[in-house]
Amino acid sequence: MICNTNIQEILNKNNGFITASQVTAANIPRRCLTELVDKNELYKISRGIYARPDVWEDELYVLQYRYNKGIFSHETALYLHGISDRTPIKFHMTFPHGYHATSLKNENVIIKRVISDIYDLGITALRSPWGNTLRVYDIERTLCDIVKGNNTCDIQIVNQAMKAYAESKNKDINKLIDLAEKLRVKPKILNYMEVLL
């Protein structure tokens, strides 16, 4: 069956996941997904997203697919960058101000909203623990976010993240200071860096 072959190619490229939009983009009839679900060759994870039965469900990937304006941030970003060893109990996602999805309230997500001027600052791509590509704020943006305002981030996590960054060979202090200025946390970031560097 041609549609099965094409679907298998997409599944192979995406670690066993496939979305309805990918099927449409590949000019495969969507009924092929239904047929594969009926044969137990695929299972439906959520609206528009499917996986092979042998694939471990990647909650981060599914969340980002369902809420495509969300960027993983704060403690979740620290975890994805490998700076925190604490597996998040709830996932932090940042959305542009004004974005509302009523179903998001029922998800395992701590919602952050920012104005559109700063929403795009520092977006990068990282792999989830299951190998899927996620949109995440880069480490410099994340450090700024975790010290911003009346953040509820655990001070131990903040201190550990700042220390790990200061010791990193990949640190970009100029970028960090530039972002800190744009996000209005420059004095806090400078205080940490002056102590650690």
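All values reported here derive from a predicted model rather than from experimental measurement.

### A word on the environment of Val136
Within the secondary structure layout, Val136 lies in strand E8 (residues 133-137). Apart from residues lying up to four places away in sequence, Val136 is in contact with Ile71, Phe72, Ala77, Leu80, His81, Gly122, Ile123, Thr124 and Leu126.

### Considerations on the environment of Ile139
Positionally, Ile139 belongs in helix H7 (residues 139-147). Looking at Ile139, the relative accessible area reads 13%, which means it is buried. Separated by 59 residues in the primary sequence, Ile139 and Leu80 place their C-alpha atoms 9.7 Å from one another.

### Regarding the confidence of the model for the protein
Across the protein, the average pLDDT comes to 89, with 96% of residues at 70 or higher. Predicted confidence in the protein is weakest over helix H1 (residues 2-13), with a mean pLDDT of 81, and strongest over strand E4 (residues 71-72), with 97.

### Regarding the environment of Lys188
Along the chain, Lys188 turns up in helix H10 (residues 186-196). Separated by 100 residues in the primary sequence, Lys188 and Pro88 place their C-alpha atoms 25 Å from one another.

### Here's the deal with unusual backbone geometry
Of note, the phi angle at Asn15 is positive, near 55°, even though the residue is not glycine. On the basis of relative accessible area, Asn15 is assigned to the partly exposed category, the value being 36%. Even without glycine at this site, His74 takes up a positive phi of about 50°. Residue placement: His74 occurs in helix H5 (residues 74-80). Judged by its relative accessible area of 7%, His74 falls in the buried class.

### Observations regarding the packing of aromatic side chains
Enumeration over the complete set of coordinates arrives at two aromatic pairs. If you follow Arg141 out to its NZ or CZ, it ends over the ring of Tyr137, 3.9 Å from the centre.

Scoring rules and cut-offs
Residues numbered from 1 in each chain as written. Predicted model: local features only at pLDDT ≥ 70, side-chain atom pairs only at ≥ 80, totals over all residues. Heavy atoms only, no water. Helix = DSSP H or I, 4+ residues; strand = E, 2+ residues; numbered from the N terminus. Contact = heavy atoms within 4.5 Å. Buried < 20%, exposed > 50% of the residue type's maximum accessible area, 1.4 Å probe, protein only. pLDDT = per-residue confidence, 0-100. Phe/Tyr/Trp six-rings, centres within 6.5 Å; stacked < 30°, edge-to-face > 60°. Lys NZ or Arg CZ within 6 Å of the ring centre and 35° of its normal.

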